[in-house]
Amino acid sequence: MLIVAVAWIYVVGLMAVTESSIVAGIMTFLLYCVVPLGILFYLTGSPRRKHNRAIAEKAAADAAAQPKE
């Protein structure tokens, strides 16, 4: 998926370069590249975040269960 994201950044970067003004180029890059890829990476990272949260909760529970000296 990373190669697709890099290719999309390249395509949108070329689209932004060909815009008539700098503001239009920046808005094109933000609205066609940064926002959609941010949403995509957030959604596809959900299982990883759940897994990491479960590991952290298990480690906290194990630490709380050990007797303190």
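The structure this text deals with has already been given above.
In short, a report on the structure. (Residues numbered from 1 in each chain as written. Predicted model: local features only at pLDDT ≥ 70, side-chain atom pairs only at ≥ 80, totals over all residues. Heavy atoms only, no water.)

Quick word on the packing of helix 2 (residues 22-44) against helix 3 (residues 46-65)
- Direction vectors running N to C along helix 2 and helix 3 enclose 45 degrees, while the axes themselves pass 4 Å from each other. Classified by the angle between their axes, helix 2 and helix 3 sit oblique to one another. Packed against helix 2, whose contacting residues are Tyr42, Leu43 and Thr44, the element helix 3 presents Ser46, Pro47 and Arg49 at the interface. (Axes fitted to C-alpha atoms, helices over the stretch in contact; angles between N-to-C directions. Helix = DSSP H or I, 4+ residues; strand = E, 2+ residues; numbered from the N terminus. Parallel < 35°, antiparallel > 145°, perpendicular 65-115°, else oblique. Contact = heavy atoms within 4.5 Å.)

Overview of the environment of Val17
- By the secondary structure assignment, Val17 is in helix 1 (residues 2-17).
- Overall, Val17 belongs to the exposed group, its relative accessible area being 67%.
- Linking Val17 and Thr28, residues 11 residues apart in sequence, is a C-alpha distance of 9.3 Å. (Buried < 20%, exposed > 50% of the residue type's maximum accessible area, 1.4 Å probe, protein only.)

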